Amino acid sequence: MDKVLKNGYLVFRARAPRVSGAKIRRMVDTYWAGREGSTLRSYQSSFSKLTKMCRELELSLFSLDEWSRCEIWVECRWLEMSASGIKGLSAVISLVREVLGQSEDMSGREKVMKRAVIKASNLKKKKNKRKGATIRDVLDLVKEARRTGSRKDYRVAMMAVVCFFGIRRLADVREVRVKDVIRVEEHLEIFIRKHKTDVEGSGDYFTLERKGERYHIHNFLREYKEKMSIFGNDALFPAELGKRRKVKAVSYSVMYNTLEDMKARVGLDESITWHSYRIGAATRGQLWE
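Source: prediction; values computed, not measured. (Residues numbered from 1 in each chain as written. Predicted model: local features only at pLDDT ≥ 70, side-chain atom pairs only at ≥ 80, totals over all residues. Heavy atoms only, no water.)

Engineer: Would you take a moment to explain the side chain of aspartate 180 for this structure?
Structural biologist: Mapped onto the elements, aspartate 180 comes out in the loop between α8 (170-173) and β3 (181-184). Non-local contacts of aspartate 180, meaning those with residues more than four positions away in its chain, are made with Glu189, Ile190, Phe191 and Arg193. (Helix = DSSP H or I, 4+ residues; strand = E, 2+ residues; numbered from the N terminus. Contact = heavy atoms within 4.5 Å.)

Rendered as structure tokens:
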């Protein structure tokens, strides 16, 4: 116990226990083991960078006070680290402080410094303007899927259809279930459990026109479900393409890889990404002529 004179009174304050670095490391390792495997892997690189930086700046990873953290932000600027790299370091610092029971509050001074470093990084990076996809790009994918008969190609084509005509992101629709797609008169209503602007996480519906002069979405959806052998609680875009249950949704990496493969075969612009379908629909409108 420490004796402290406060307002004329002698009070006793409990002394914080001294914990060895080895015990702290075991505590952090145990804490990280309880997190999602994918989360752990995504932070491993940032954790290694932070450890190296602390060693060079002669800082303790497990007692990063405000001054020490500001030193790290300054070092990030001199190293011209990318904005994503800086955010990765920040996430690891927050994790370490969380497991050690330290306050995660950040002063205004530190916020300004961190913001300045990220801003400097963004100004150095030349941003490429994303190309918007057209209805012709979507129909070319559908045509290629029908030509090959590949379930993998059908999955890409159906995703492009939903993203373009629904003006949605891949992240919005990736985990949609078959039962979430409902026909209402001349429309298709699709329920998504979460999306970027859904602050409350309550989910939302969006509408697709069932058919147009050049394309009939409902017919292709029916054709797609028969081809994929999916129904009810199955994922609309399943990871499994064989005969096993199709409850698990396909991953981002698989969808990006298969899109790249089809782009090369069909001859689509190399700059087209999954976000291009939402951009194209939003900027050009849903062109049915």
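Engineer: How do you make sense of the confidence of the model for the protein chain when you look at a structure like this?
Structural biologist: Any residue range with low pLDDT should be treated as having predicted coordinates unsuitable for detailed reading. Predicted confidence across the protein chain gives a mean pLDDT of 79, with 79% of residues reaching 70 or more. A low-confidence stretch, residues 1-7 stays under pLDDT 50, and its non-local contacts, those more than four residues away or across chains, total 17 contacts. Low pLDDT, under 50, characterises residues 9-16; the predicted model gives this stretch 17 contacts beyond four residues in sequence or across chains. (pLDDT = per-residue confidence, 0-100.)

Engineer: Quick question: what am I supposed to make of the sheet that holds β3 here?
Structural biologist: Adjacent strands of a sheet pair through backbone hydrogen bonds, lying either parallel or antiparallel. With antiparallel pairing, three strands are arranged side by side in an open sheet as β3-β4-β5. The open sheet terminates on both sides in strands that have one partner only, identified here as β3 and β5 (204-209). Within this sheet the neighbouring strands show an average axis-to-axis angle of 30°, counted without direction. Here strand β4 (residues 187-192) runs beside β5; their pairing, made up of six bridges, is antiparallel. Paired with isoleucine 190 across the strands is phenylalanine 206, a residue of β5. Here helix α9 (residues 217-228) sits on the sheet in contact with β3, β4 and β5, set at roughly 55° to β4. (Pairing = 2+ DSSP bridges. Axes fitted to C-alpha atoms, helices over the stretch in contact; angles between N-to-C directions.)

Engineer: Is there a simple way to explain helix α7 (residues 151-165) in this structure?
Structural biologist: Residues spaced three or four apart along an α-helix face the same direction, because each turn holds 3.6 residues. Look at α7: 21 Å from first C-alpha to last across 15 residues, which is about the 21 Å you get at 1.5 Å a residue. Most of α7 sits out of view: 13 of its 15 residues are buried. Capping of α7 at its N-terminal end is provided by serine 150; its side-chain oxygen lies 3.2 Å from the backbone amide nitrogen of lysine 152. A positive phi of about 50° marks isoleucine 167, the residue just after α7. (Expected span 1.5 Å × (residues − 1). Buried < 20%, exposed > 50% of the residue type's maximum accessible area, 1.4 Å probe, protein only. Polar contact = N/O pair within 3.5 Å; in protein donor to acceptor, adjacent residues only side chain to side chain.)

Engineer: Looking at this model, I keep getting lost on the side chain of lysine 246. Mind explaining?
Structural biologist: On the secondary structure map, lysine 246 appears in the loop between α9 and α10 (252-266). Notably, lysine 246 is buried but unbridged: the nearest opposite-charge side chain belongs to glutamate 240, and the N-O separation is 5.9 Å. In this structure the side chain of lysine 246 is engaged in a polar contact, spanning 3.4 Å, whose partner is the backbone oxygen of arginine 244. With residues near it in sequence (within four places) discarded, lysine 246 still touches Arg151, Met228, Ser229, Ile230, Asp234, Ala235, Pro238, Glu240 and Leu241. (Lys, Arg positive; Asp, Glu negative; His and termini not counted. Salt bridge = Lys/Arg side-chain N within 4 Å of Asp/Glu carboxyl O.)

Engineer: Got a minute to help me understand unusual backbone geometry in this structure?
Structural biologist: Across residues other than glycine, the phi torsion is negative in most instances, and most of the peptide bonds are trans. One non-glycine residue, glutamate 80, lies in the positive phi region at around 55°. Structurally, glutamate 80 can be placed in the loop between α3 (66-78) and α4 (83-99). Here glutamate 80 falls in the exposed class, since its relative accessible area comes to 55%. Even without being a glycine, serine 229 presents a positive backbone phi close to 55°. Its relative accessible area of 38% is what places serine 229 among the partly exposed residues.

Engineer: I tried to follow the pairing of β3 on my own but got confused; where do I start?
Structural biologist: Remember that side chains alternate between the two faces of the sheet whenever the strand is regular. By the bridge criterion, four bridges tie β3 to β4 in an arrangement that is antiparallel. Residue pairing across strands places valine 184 opposite histidine 187, the latter belonging to β4. In this structure, the hairpin formed by β3 and β4 is closed by a connection of two residues, where glutamate 185 is found at a positive phi of approximately 50°.

Engineer: It is not clear to me how the nonpolar core should be interpreted in this structure. Could you clarify?
Structural biologist: Soluble globular proteins tend to pack their nonpolar side chains together in the buried interior. Core analysis: the largest hydrophobic core is formed by 45 residues, its most contacted members being Leu141, Val173, Leu236, Phe237, Trp274 and Tyr277. Counting only elements with at least two residues in this core, the list comes to α6 (135-148), α7, α8, β4, β5, α9, α10 and α11 (275-284). Ignoring anything within four residues of it in the chain, the contact list for leucine 236 reads Val176, Arg177, Val178, Val181, Leu221, Tyr224 and Ile230. Ranked by size, the runner-up nonpolar core spans 19 residues in total, among them Cys54, Leu61, Trp73 and Ile86. (Core = buried A, V, L, I, M, F, W, Y, C linked by side-chain atoms within 4.5 Å.)

Engineer: Where do I start with a nonpolar patch on the surface in this structure?
Structural biologist: A contiguous nonpolar patch, built from Val74, Trp78 and Met113 and spanning about 330 Å² of accessible area, is present on the exposed surface. For valine 74, the position within the fold is in helix α3. (Patch = residues over 30% accessible without salt bridge, like charges linked within 9 Å, V, L, I, M, F, W, Y side chains within 5 Å. Areas by Shrake-Rupley, 256 points an atom, 1.4 Å probe, with all protein chains shown as cover.)

Engineer: Would you mind going over the environment of valine 99 with me for this structure?
Structural biologist: Residue position: valine 99 is located in helix α4. Remark: the alpha-carbon pair of valine 99 and threonine 30, spanning 69 residues in sequence, is separated by 9.6 Å.

Engineer: Whenever I open this one, the packing of aromatic side chains confuses me. Can you help?
Structural biologist: To describe a pair of aromatic rings, you give the distance between the ring centres and the angle between the ring planes. Taken as a whole and assessed by the stated rule, the structure comprises four aromatic pairs. Note on tryptophan 274 and tyrosine 277: the rings are 5.6 Å apart at their centroids and 45° apart in plane angle, and the pair reads as tilted. (Phe/Tyr/Trp six-rings, centres within 6.5 Å; stacked < 30°, edge-to-face > 60°.)

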